[in-house]
Amino acid sequence: ILRPAPVQHDVDEGEDQAQHKNVSAITEPDDSVWRGSQGSTVNGAEEIGWIDDSAGLARLVAALDGQPRAAIDTEFVREKTYYPQLCLIQVATERHVACVDLLAELDLEPLYAQLFRADFTWVLHSARQDLEVVYQRTGRMPPRLIDTQVAAAFMGYPPQVGLEGLLERTLG
């Protein structure tokens, strides 16, 4: 299960920290704070963690090797730009979770080689904007895709059901 995008609350140090690197805590629904660290687990999956260097990226690429699918989510900025700026890709397999900082200077081709394999399936919720920003950045579309919002609509849920509402209705 993919956790919500990391949110840093009460940032007084400036926008750079809120937008880049220093996000290390996720607020849980009960207002407790979960602080991830490399090697910890999230819902039984090993956390690869925040990736902003080539060593972390290599760990993620190795973890994706041979995996048939991953839950993908993107975070991007549309303010003061004609095209959205892709800032973060969150990736979760059945065994690993990671957040890739796209504002860091990384060679992303090894990651793209895994994500765009012909036998690899992306699982997204309400995929339109994610696909737009990924295509704008890479010039590629996922070879196989499951959009959980579209799948839910086929099952009788409202066409625009949000992920939180869908999970609440199906899992309680």
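Refer to the structure above for everything that follows.
Residues numbered from 1 in each chain as written. Predicted model: local features only at pLDDT ≥ 70, side-chain atom pairs only at ≥ 80, totals over all residues. Heavy atoms only, no water.

How do you make sense of the environment of V134 when you look at a structure like this?
Considering the arrangement of structural elements, one finds V134 in helix α4 (residues 128-138). For the pair V134 and L86, spaced 48 residues apart in the sequence, the C-alpha separation amounts to 7.5 Å. Excluding its chain neighbours within four sequence positions, the residues that come into contact with V134 are T74, F116, W122, G139 and R140. (Helix = DSSP H or I, 4+ residues; strand = E, 2+ residues; numbered from the N terminus. Contact = heavy atoms within 4.5 Å.)

Hey, could you run me through the pattern of salt bridges in this one?
Pairing between side chains becomes possible if they bear opposite charge and their charged atoms approach one another. One pass over the structure, following the stated rule, counts four salt bridges. Measuring nitrogen to oxygen at the nearest pair gives 3.0 Å for the salt bridge that ties E94 to R69. A residue pair is termed long-range when its members are at least 10 positions apart, and E94 in the loop between β6 (85-92) and β7 (96-101) and R69 in strand β5 (residues 69-77) qualify at 25 residues. One salt bridge connects R140 with E109, and the closest N-O pair in it is separated by 3.1 Å. Here R140, found in the loop between α4 and β9 (144-147), pairs with E109, found in helix α3 (residues 109-115); they are 31 residues apart in sequence, far enough to count as distant. (Salt bridge = Lys/Arg side-chain N within 4 Å of Asp/Glu carboxyl O.)

What am I meant to see in the environment of C87 here?
Note on placement: C87 falls in strand β6. Of the residues examined, C87 reaches a relative accessible area of 13% and is grouped as buried. Distance in space between the C-alpha atoms of C87 and D101 is 6.3 Å, their sequence separation being 14 residues. Apart from residues no more than four positions distant in its own chain, C87 is found in contact with E75, F76, V77, V100, D101, L102 and L103. (Buried < 20%, exposed > 50% of the residue type's maximum accessible area, 1.4 Å probe, protein only.)

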